[in-house]
Amino acid sequence: MVENRPFLDFLTHVVLILGVAVVAFPVYIAFVASTHPSSTFLRGAAPLLPGNAGWEVYRNMLFEGVSTSGTPPLARMMWNSLVMAVIITVGKIVISIISAYAIVYFRFPFRALAFWMIFVTLMLPVEVRIIPTFQIAANLSLLNSYAGLTLPLIASATATFLFRQFFLTIPEELMEAARVDGAGAMKFFKDILLPLSRTNIAALSVILFIYGWVQYLWPLLVTTDPQYYTIVMGIKRLTAVADAEPQWNLVMATVILAMLPPVLVVIFMQRLFVKGLVETEK
Amino acid sequence: MQTKRAVFPNRGLPYALLAPQLIVTIVFFLWPAFQAAMFSFERTDPFGFRTTFVWFQNYERLLSDPGYLNSASQTAIFATSVTLLSMSVALLLAVSVNRLLRSSRIYTTLLVWPYAVAPVVAGVLWWFMFNPTVGILAYMLEFFGVRWNYRSNGDQAMIMVVLAASWKQISYNFLFFVAGLQSVPRSLIEAAAIDGAGPFKRFWTITFPLLSPTTFFLMIININYAMFDTFGIIDAVTSGGPNQATNILVYKVYADGVLGLNIGSSSAQSVLLMVIVMFLTFIQFRFVERRVNY
Amino acid sequence: MVRLPIVTGLAALTAILSTSVSHAQTEIDWWHSMGGELGTKLEAIVAGFNTSQTEYAVTPVYRGEYEESMVGTIAAFRANEQPVLVQVYEVGTGTMMAAQGAVYPVYELMADTGQEFDPQAFLPAVVGYYTDTEGNMLSMPFNSSTPILYYNKAAFEEAGLDPETPPKTWAEVEEFSNKILESGAAECGFSMGYAASWIGIENFSAWHNQPLGTLENGFGGLGTELTFNGEVQARFWDDLKRWSDAGIFRYAGPAGGPDSNPSFYSGTCAMVMNSSASRAGILANVEGFDVGFGMLPYYDDVEGAPQNSIIGGATIWVLQGHSDEEYEAAAAFLDYLSSPEVQADWHQSTGYLPITDAAYELSQEQDYYEQNPGADTSIKQITLNPPTENSKGLRFGNFPQIRLILDEQLEAVLAGDKTGQEALDTAVQQGNQILRDFEASNS
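These numbers were taken from a predicted model, which means no experiment stands behind them.

Parameters and conventions
- For every chain, the first residue of its written sequence is number 1, and the numbers climb from 1 along that sequence.
- To read the labels, note that chains go from A and ligands from 1, taken in the order they are written.
- Residues qualify for local features only when their pLDDT is at least 70, as the model is predicted, and side-chain atom pairs are given and counted only at 80 or more; totals for whole chains, interfaces and linings, by contrast, use all residues.
- As a convention, hydrogens and water are excluded, and side-chain values are obtained from all of the structure's heavy atoms.
- By the criteria applied, helices consist of DSSP H or I runs no shorter than four residues and strands consist of E runs no shorter than two, each listed in order from the N terminus.
- When accessible area is computed with a 1.4 Å probe and restricted to protein chains, residues below 20% of their type maximum are described as buried, those above 50% as exposed, and intermediate ones as partly exposed.
- We call two residues contacting when some pair of their heavy atoms lies within 4.5 Å.
- All accessibility values rest on the Shrake-Rupley procedure with a 1.4 Å probe; residue burial counts only the protein chains present in the view.
- Under this rule, positive means Lys or Arg and negative means Asp or Glu; His and the chain ends count for nothing.
- Each charge is placed at NZ for Lys, CZ for Arg, CG for Asp and CD for Glu.
- Put simply, a salt bridge is a Lys or Arg side-chain nitrogen that is within 4 Å of an Asp or Glu carboxyl oxygen.
- Buried area is understood as the total, over both parts, of accessible area removed when two parts are fitted together, assessed with a 1.4 Å probe.
- Pairs of N or O atoms are called polar contacts if they sit within 3.5 Å, as long as, within protein, a hydrogen donor faces a hydrogen acceptor (for residues adjacent in sequence, only side-chain-to-side-chain pairs).
- Convention adopted: a line fitted to C-alpha atoms gives each axis, helices being fitted over their contacting stretch, and angles between N-to-C directions are expressed from 0 to 180 degrees.
- Angle categories: roughly parallel below 35 degrees, roughly antiparallel above 145, roughly perpendicular from 65 to 115, and oblique for all the rest.
- Rotating anticlockwise by less than a right angle from the far helix to the near helix defines a left-handed crossing, while the corresponding clockwise rotation defines a right-handed one.
- A helix's residues, less one, multiplied by 1.5 Å, set its expected span.
- Here the bend at a residue is taken as the angle between two axes, fitted respectively to the seven residues that end there and the seven that start there.
- Pairing between strands is defined by DSSP: at least two bridges between the two strands are required.
- To pair, rings of Phe, Tyr and Trp, with the six-membered ring standing in for Trp, must have centres within 6.5 Å; the planes then decide the type, stacked if under 30 degrees apart, edge-to-face if over 60, and tilted in the middle.
- By definition here, charges over rings are those cases where NZ of Lys or CZ of Arg is within 6 Å of the ring centre and within 35 degrees of the ring normal.

(A) Representation of the overall build of chain A in the model. Looking only at helices and strands, chain A features 14 helices and zero strands. The N-to-C order of helical and strand elements in chain A reads α-α-α-α-α-α-α-α-α-α-α-α-α-α. Residues counted as buried form 62% of the 282 residues belonging to chain A. Summarising the internal contacts of chain A: among those between residues at least 6 apart in sequence, 77% fall at separations of at least 24. Surface summary for chain A: the accessible area is close to 10500 Å², and the carbon and sulfur share equals 67%.

Right under this line is the structure:
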């Protein structure tokens, strides 16, 4: 930071390590469970250290597929999840950022109404409106398609709200200066606002990608063709054994594998979290 | 509602910019939501063969049901606890990461990564850690003399679901706090340091106020999350029990709608829930947003 | 370029040819909820059907758990996208039955398509749940099970009990558990899945020949009222509380009781009562002791006990709105499914009950039960006596919601807030409200 305070640094590390331990503990459990036979997990006897069944399980899942659950190949499901997550991320960010721009930087009739109409989407979870939404999707022939998987999930206000908050913090001077320079609305948006929004876009990309990646109920309903199954449906299918016990080691291995793409997104997006970029010229 | 003083003069452009989101919102959200609201005034069989218009009967039933009122109070406790817990822990972690220069990437990755654990398995992981018979943490708690059985103890059940729900949100809040902290100008911090302010003082007088737009955003989102998106966790961990101790409003909506297939009652409950949250949101915008420094 | 027309022409020709070939084969969808290994087995069976003939092809589609699949089916139906066959759990029977415009009863399907179909070939206790009051089969049982008792032989020995003798009555359960606790062989006597619903009330009542509701447990019509708040059931819930306090009974959570089997695997509880289909999982996951099997315990001072137990699980329903060819395919497939070989194979691999006498006999001929002791406990239990009005099964609308109420009420009893009688009275009162709503919505 600004000065050198080694004790505070040390404390910071302690806090962070504790934080990671607490927050990542369940993930660690998942990893450990994937390396022990399923029965050990169920008996509660799984020790806290990984077992030696580890690589076997992962190799199985990756190369031979999950022959015991009848799901389509892992790769196909990951691909579907990937497409879905990317479309949702990009789609949501694009429509939200321009909507937020309109709401903050313009005055026009029904402005507040538009904002609240968008905002209210936060308040009715998809599970409640699922039957009517499904009907609409069916009527628009969106079943069993990427459009059907993604469009209904793009309509939500999180990103719009975030961008609105961010835009409100941008100093008026920037906009005045742009106007004085003769820049139009879209030029201002493209040349000034967008670069400034980089950090927020990065954060949103991570969150939205993961959001799209872990969707379960809506894809379940809207796809009856196994070709469109997402990875989470595959995982759930491994666990939904009525009256029997799931193979937890397989399930957890799939869970860990399924977490890799989001992790890659996190790592990649961090490049945009560059310190010192945003403020100086404010 | 706050707004900028300086605006662009364009007339048609704002509508064009809003159009995509509004269209998707109307088609895939408002219209189905309206239909769901219509359901709340009907009594219908699941397949839709026989539908009777019953006015406010569903609502009357709900409001006179003591179970519903209990649910409302459990929800208040739950939502407040989850929001406070997940936001404060996330803020602490974000500030810590922000202090460091070198290891921040690793810590950030490690702290955001758990968010990618799909909700379908999060429940099982929690069961594995906490269930009274074979859970690891249950075992450790017994070691410390705590008689852990959330299957019969309502307070323990509430603690469990609060922990489980907060856990997921910590990663989320953390990420946005980190992003928000990025936009606090270093120049201000440095100036304050030169003036002799210590790190804690700098935080409370400069960083925290400047972070308020993000904090406000997260507050709304977290309360929303706690009120609307947590039925999956409750279903996986306690199923609303024991004896209704964790039967929060949205879980009731889910249980009555998806499990019980009582579309009329569940729609009425969601309308009520929506009204409650809209009211809360309105209050927040009205009274809390004043304190936000833009 | 000249090539393009030729290529397009060939492509078109292939398309025409392939459509004309596939047009002869009728394809139907079967929506199911079997995941994991069960799902693989199901797909193998379907593949067997598909390869055994060329006229019909069934496509199995996994639709999530029973509740999710139900919502999906309803949503699909409302959007006119429903499949031909769907697997629905037993507590959805009331809902499916009331949806008269949506379902195509199996007996009618078989008659209309001229499929050979002998209702007598089916085990009455298995099929009875899904028949109407005249005995006509409405849906086809697919994966049915009934609860039995599993016990830890090593723990019994350590407690000085005979490891080959399971407890028969609840008095014996209490006695054995006390010995087990005293000797330290286990921390708890027994646990139970579905303690408030399928096992602890529904099967308990049937096993003791006590009614669950009027009008033949709801088979007789939508005007049924709940009557499971009898003395016998109240006594059982009070005993559960007493045993829980004494450490004999450990409550394993609502609905299916997620802690029940794990507490058995780990040796924490010496006995567990759960579905007969848990057998494979139990045998695979216990370590260090042999497993014994027994029938459900009963109160020997109740007249009529033990009667017979009822089934749980899911059945296959046929939905309206499809073509005649599709229904022919469905009938052929259902016929295939009920053939002795397929049933015996399914029963033996999964632990679900065989639905026909022939399948049961085939398994006996194959010496399956000799090699797998305890695998026929469930069959013996459901066929112990011919079913009475009280033990044929139940048919209540919105029953999943009523089960939720039962879970809550049992938890109240275990917490000491209510007596068994009070809790059951509340459950009956709230449950009747739900039944009246269901009646109103469906008439």
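Additional details are given in the paragraphs that follow.
(B) Molecular detail of the overall build of chain B. Of regular secondary structure, chain B possesses 13 helices and two strands. Projected onto its principal axes, the C-alpha coordinates of chain B cover approximately 75 × 70 × 30 Å. Sorting the 294 residues of chain B into buried and exposed places 60% on the buried side. For chain B, the share of sequence-separated contacts (at least 6 apart) that also reach a separation of at least 24 residues comes to 65%. Total accessible area on chain B is roughly 11800 Å²; 66% of this is exposed by carbon and sulfur atoms. Between the averaged position of the 19 positive side-chain charges in chain B and that of its 12 negative side-chain charges there is a distance of 13 Å.

(C) Seen up close, the pattern of salt bridges. Evaluation of the coordinates by the stated rule reveals 22 salt bridges over all chains. A salt bridge links lysine 380 of chain C to aspartate 376 of chain C; the shortest N-O distance between them is 3.4 Å. The class for aspartate 376 of chain C is buried, based on a relative accessible area of 13%. When salt bridges that share partners are traced, they join Lys236 of chain A together with Glu65 and Glu68 of chain C into one network.

(D) Layout of the interface of chain A and chain C. Between chain A and chain C, the residue contacts involve 30 residues of the former and 40 residues of the latter. In total, about 2900 Å² of surface goes out of reach between chain A and chain C, with carbon and sulfur atoms giving 56% of it. When the area that chain A buries against chain C is broken down by residue, the three leading residues are Arg43, Arg237 and Asp243 of chain A, summing to 24%. Taken together, chain A and chain C are joined by three salt bridges. When the shortest N-O distance is used, the salt bridge between glutamate 68 of chain C and lysine 236 of chain A registers 3.3 Å. In this structure, the connection of chain A to chain C is made through nine residue pairs in polar contact (both at pLDDT 80 or more).

(E) A look at unusual backbone geometry. A cis amide bond links alanine 305 of chain C to the next residue, proline 306 of chain C, at an omega of -10 degrees. Mapped onto the elements of the fold, proline 306 of chain C is located in the loop between strand E9 (291-294) and strand E10 (312-318). If you check the backbone angles, phenylalanine 110 of chain A has positive phi at about 70 degrees while not being a glycine. By secondary structure assignment, the location of phenylalanine 110 of chain A is in the loop between helix H4 (74-105) and helix H5 (111-119). A positive phi angle, close to 50 degrees, is found at alanine 255 of chain C, a residue other than glycine. Looking at the element boundaries, alanine 255 of chain C is found in the loop between strand E7 (249-251) and helix H12 (260-265).

(F) Broad picture of the side chain of serine 71 of chain B. The residue serine 71 of chain B is located in helix H3 (residues 66-99) in this model. In contact with serine 71 of chain B, other than residues within four places in its own chain, are Asn247, Ile248, Leu249 and Lys252 of chain B.

(G) Quick peek at the packing of H4 of chain A against helix H7 (residues 146-154) of chain A. Residue and element names in this part refer to chain A. Two elements in contact, H4 and H7, have axes separated by 9 Å at closest approach and are oriented at 40 degrees. Classified by the angle their axes make, H4 and H7 are oblique. Considering the relative orientation of H4 and H7, their crossing is right-handed. Packed against H4, whose contacting residues are Arg76, Trp79, Asn80, Val83, Met84, Ile87, Ile88, Gly91, Lys92 and Ile95, the element H7 presents Tyr146, Leu149, Thr150, Leu153 and Ile154 at the interface.

(H) Just helix H7 (residues 154-182) of chain B, in detail. All names here are of chain B. A rise of 1.5 Å per residue sets the reference length of H7, with its 29 residues, at 42 Å; its end C-alpha atoms lie 42 Å apart and thus fit the reference within 8%. Along H7, the helix axis deviates most sharply at glutamine 169, where the bend reaches about 30 degrees. Burial analysis of H7 places 25 of its 29 residues in the buried class, the great majority of the element. For H7, the capping residue at the N-terminal end is asparagine 153, with a side-chain oxygen 2.9 Å from the backbone nitrogen of aspartate 155.

(I) Quick peek at helix H19 (residues 399-414) of chain C. Over its 16 residues, H19 of chain C extends 22 Å from the first C-alpha to the last, a length consistent with the 22 Å expected when each residue adds 1.5 Å. Glycine 416 of chain C lies just past H19 of chain C and shows a positive phi near 85 degrees.

(J) Structural view of the pairing of strand E6 (residues 188-192) of chain C. Residues and elements named next belong to chain C. A large share of E6 lies buried, amounting to five of its five residues. With four bridges connecting them, E6 and strand E8 (residues 269-275) associate as parallel partners. Bridge pairing links methionine 192 to methionine 273 in E8. As paired elements, E6 and E7 share three bridges and run parallel to each other. Across the sheet, residue serine 191 finds its bridge partner in E7, namely arginine 250.

(K) Structural detail: the packing of aromatic side chains. Under the criterion given, the structure shown has 77 aromatic pairs over all chains. Aromatic pair phenylalanine 216 of chain B and phenylalanine 285 of chain B: ring centres 5.2 Å apart, planes at 85 degrees, arrangement edge-to-face. Taken together, the residues span a long stretch of sequence, with phenylalanine 216 of chain B in helix H10 (residues 212-228) and phenylalanine 285 of chain B in helix H13 (residues 263-288) at a distance of 69 residues. Just as phenylalanine 216 of chain B is buried, phenylalanine 285 of chain B falls in that class too. Aromatic pair tryptophan 207 of chain C and tyrosine 298 of chain C: ring centres 6.5 Å apart, planes at 80 degrees, arrangement edge-to-face. Taken together, the positions of tryptophan 207 of chain C in helix H9 (residues 198-207) and tyrosine 298 of chain C in the loop between E9 and E10 put the pair 91 residues apart, joining distant regions of the chain. Here tryptophan 207 of chain C matches tyrosine 298 of chain C in class, with each residue buried. Counting every residue linked through ring pairs, the aromatic cluster contains Phe115, Trp116, Phe119 and Phe161 of chain A together with Tyr115, Tyr172, Phe176, Phe216, Phe217 and Phe285 of chain B. Lying across the ring of tryptophan 31 of chain C, arginine 63 of chain C places its NZ or CZ 4.1 Å from the centre.

(L) Highlighting the sheet that holds E6 of chain C. Residue and element names in this part refer to chain C. The five strands lie next to each other as E7-E6-E8-E5-E9, forming an open sheet whose pairing is mixed. Across the chains shown, the open sheet's two edge strands, defined by having one partner strand only, are E7 and E9. The mean angle between the axes of side-by-side strands here comes to 25 degrees, regardless of whether they run parallel or antiparallel. Bridge count for strand E5 (residues 147-152) against E8 is five bridges, and the pairing is antiparallel.

(M) Seen up close, the sheet that holds strand E4 (residues 140-145) of chain C. Residue and element names in this part refer to chain C. Read from one edge of the open sheet, five strands run E2-E1-E3-E10-E4, paired in mixed fashion. A strand with exactly one partner marks an edge of an open sheet, and here the two such strands are strand E2 (56-62) and E4. On average, adjacent strands in this sheet sit at an angle of 20 degrees to one another, irrespective of strand direction. Direction of pairing for strand E1 (residues 26-32) relative to E2: parallel, over a ladder of seven bridges. Residue pairing across strands places aspartate 29 opposite threonine 59, the latter belonging to E2. Each of E1, E2 and E4 touches helix H2 (residues 36-52); the most contacted strand, E2, lies at about 165 degrees to it. Across the sheet, helix H3 (residues 66-78) is in contact with E1, strand E3 (85-89), E4 and E10; its angle to E3 comes to roughly 135 degrees.

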